[in-house]
Amino acid sequence: MNNWRADFPILSDERYIYFDNAATSQRPKQVTDAITRFYEQDNANPLRGLYEWSVRATDDYENARSAVAEFLHAKKAEEIIFTRNTTESLNLVAYSYGLSHLNEGDEIVVCITEHHSNLLPWQMCVKKKGAVLKFFETEPDGTLTEEEIRSKITEKTKIVAIGHVSNVLGVTHPVKKIAQIAHEAGAVVVVDGAQSAPHIAVDVQELGADFYAISGHKMLGPMGIGALYGRMELLEEMPPFLTGGEMIEFVTREDATYAEVPHKFEAGTVNAAGAYGMAAGIAYLKQVGFDAIMQQEEKLTARLLAQLKELPHITVYGSEDPAKHSGIVTFNVEGCHPHDVSSILDEDHVCIRAGHHCAQPLLQYLGVNATCRASMYFYNTEEEVDRFVEKLAGVRKELGYGS
Ligand code: 7TS
């Protein structure tokens, strides 16, 4: 497994332990080379020029769309809209679908584990349309029961917006079951796939997702490119989110008709190099394979959980089962603020995330203000886990505790 590391130039400095992969992954050379190749060989404004370079740039961009469609198992490439990231994808759904379909008293259901990106857009809909926001509440280990799902989805539910994998607990929510129950109630299902797409094979048709949002930068691709899958029947009847160049069919002084899906949702010059780089990241992930990714993450998580159990003063959040973490381990060190823990670890070149992880309602639910989070990916090693725990074991002493 570790031979993959050689493709990641930033990981060649062995002093560093990068355990903040849930914030953003690292990129293999294949991805940065692809971006360079686009700019050095095919660069022109895509979708508008009638000359060779522009045609090549357009092909790169549209082939990337097909690659994302295949990756998510969408029925058609046109069901993929390129955005900047998961946040923009979810805002697109909220502004375009949400505002045009919600009425006063309609219910939107999210989960208590949501990242703010899959919460604030729905709060906006609630404020603008007089809709009502409801929350699935999880078991202490982060799992969701069918009983809880059924108790929150009613005939008033119009949208169920669910994060597939929690960025704090790493737990995978039962999206297929949620979609089945939501569809029976006549609601659409919006899935925040920011933390799932890098770790597990996603099939939007099999899951029954109506919308599925992902970020390129969390799955080996560049920053500034993400995607939204939407079911074609829904996308076709939705109004545009942003307006301007490239998303029109015909414009008069007073009015405009819009381009077909997906271009209706891609106003302005697109991030073709980003899309091309994202496709290179997807090609790389395919080479590694999700079975191998999950296996390595589970192995590392099991090792980390076992060692943390042996350390005094550590509280771990989430499941005891290493298979239910997607490589994410969230914890606290008794008596130490997570920011202090992270800063002390940084002196040893250990990179973890500390704070509220943009999931404040979840932290309130867990009864904490902040936590530390180590998030591992397939290129991390058991040696790094051991070294990380060794460094962590010294943190309390650094802060003046006897042990
Ligand atoms: N949804 C989830 C579940 C996330 O974890 C994140 C980012 C987002 C949405 C937003 O993604 P973006 O690409 O639009 O920014 N999560 C994190 C994190 O856990 N640490 O830094 C960013």
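Further remarks concern the overall build of the chain. Check the secondary structure of the chain and you find 14 helices and 15 strands. Against the globule reference of 22 Å for 403 residues, the chain gives a C-alpha radius of gyration of 22 Å, in line with a compact fold. With the principal axes as the frame, the chain shows a C-alpha extent of 75 × 55 × 35 Å. Looking at the chain residue by residue over its 403 residues, the buried ones come to 56%. At a minimum sequence separation of 6, the contacts of the chain that also span at least 24 residues come to 70%.

On to helix α4 (residues 120–129). Structural remark: α-helix, 3.6 residues per turn; residues separated by three or four positions point the same way. Residues Pro121, Trp122, Met124 and Cys125 constitute the buried set of α4. Seen end-on, α4 carries its buried residues on one side only, within an arc spanning 150°. On its buried face, α4 sits against α3 (86–101), β3 (107–111), β4 (132–136), β5 (157–163) and β6 (188–192). Looking at the residues trailing α4, positive phi occurs at glycine 130, about 70°.

Here we take up the site of the ligand. Inspection of the region around the ligand gives 16 residues, with Thr87, Asp192, Ser215, Arg353 and Arg373 positioned closest. Take serine 215: an N or O atom from its side chain is 2.6 Å from an oxygen atom of the ligand. Protein chains bury 88% of the 490 Å² of accessible surface belonging to the ligand in isolation. According to the grid-proximity analysis, the pocket containing the ligand is the largest pocket. For the shell around the ligand, the per-class residue count stands at 3 nonpolar, 9 polar and 4 charged.

Right, let's get into the sheet that holds strand β14 (residues 353–355). Reading across from one edge, β11-β12-β15-β14 is the order of the 4 strands in this open sheet, with antiparallel pairing throughout. Either end of the sheet is taken by a strand with one partner, and the two such strands are β11 (314–317) and β14. If you compare each strand with its neighbour and ignore which way they point, the axes differ by 30° on average. Of the pairings in the sheet, the one linking β14 to strand β15 (residues 371–375) comprises 3 bridges and is antiparallel in character. Bridge assignment links glycine 355 to a residue of β15, and that residue is threonine 371. Taken strand by strand, helix α11 (residues 338–347) contacts β12 (328–333), β14 and β15, and its axis lies near 155° from that of β14.

Right, let's talk about the sheet that holds strand β7 (residues 211–215) for a bit. With respect to topology, 7 strands assemble into an open sheet ordered β2-β8-β7-β6-β5-β3-β4, the strand pairing being mixed. Lying at the two open borders of the sheet, with one neighbouring strand each, are β2 (80–83) and β4. Averaged over all neighbouring strand pairs, the angle between strand axes comes to 20°, with direction disregarded. Pairing of β6 with β7, which is carried by 3 bridges, proceeds in the parallel orientation. Residue pairing across strands places aspartate 192 opposite alanine 213, the latter belonging to β7.

Here the focus is the state of the cysteines. One pass over the structure, following the stated rule, counts 0 disulfides. Note on cysteine 125: no disulfide assigned, nearest cysteine sulfur contributed by cysteine 111 at a separation of 18 Å. Overall, cysteine 125 belongs to the buried group, its relative accessible area being 0%. With no disulfide partner, cysteine 351 has as its closest neighbouring cysteine sulfur the one in cysteine 372, 14 Å distant. Judged by its relative accessible area of 23%, cysteine 351 falls in the partly exposed class.

What counts, and where the lines are drawn
- Residues numbered from 1 in each chain as written.
- Predicted model: local features only at pLDDT ≥ 70, side-chain atom pairs only at ≥ 80, totals over all residues.
- Heavy atoms only, no water.
- Helix = DSSP H or I, 4+ residues; strand = E, 2+ residues; numbered from the N terminus.
- Rg over C-alpha atoms; globule rule 2.2 N^0.38 Å.
- Buried < 20%, exposed > 50% of the residue type's maximum accessible area, 1.4 Å probe, protein only.
- Contact = heavy atoms within 4.5 Å.
- Arc of directions from axis to C-beta.
- Near = heavy atom within 4 Å.
- Polar contact = N/O pair within 3.5 Å; in protein donor to acceptor, adjacent residues only side chain to side chain.
- Areas by Shrake-Rupley, 256 points an atom, 1.4 Å probe, with all protein chains shown as cover.
- 1 Å grid on protein atoms, 1.4 Å probe; cavity = no way out; pocket = protein on both sides within 12 Å on 5 of 7 lines; lining within 4 Å.
- Sits in = over half its atoms within 2 Å of the grid points.
- Nonpolar A, V, L, I, M, F, W, Y, C, P; charged D, E, K, R; others polar.
- Pairing = 2+ DSSP bridges.
- Axes fitted to C-alpha atoms, helices over the stretch in contact; angles between N-to-C directions.
- Disulfide = S-S within 2.5 Å.

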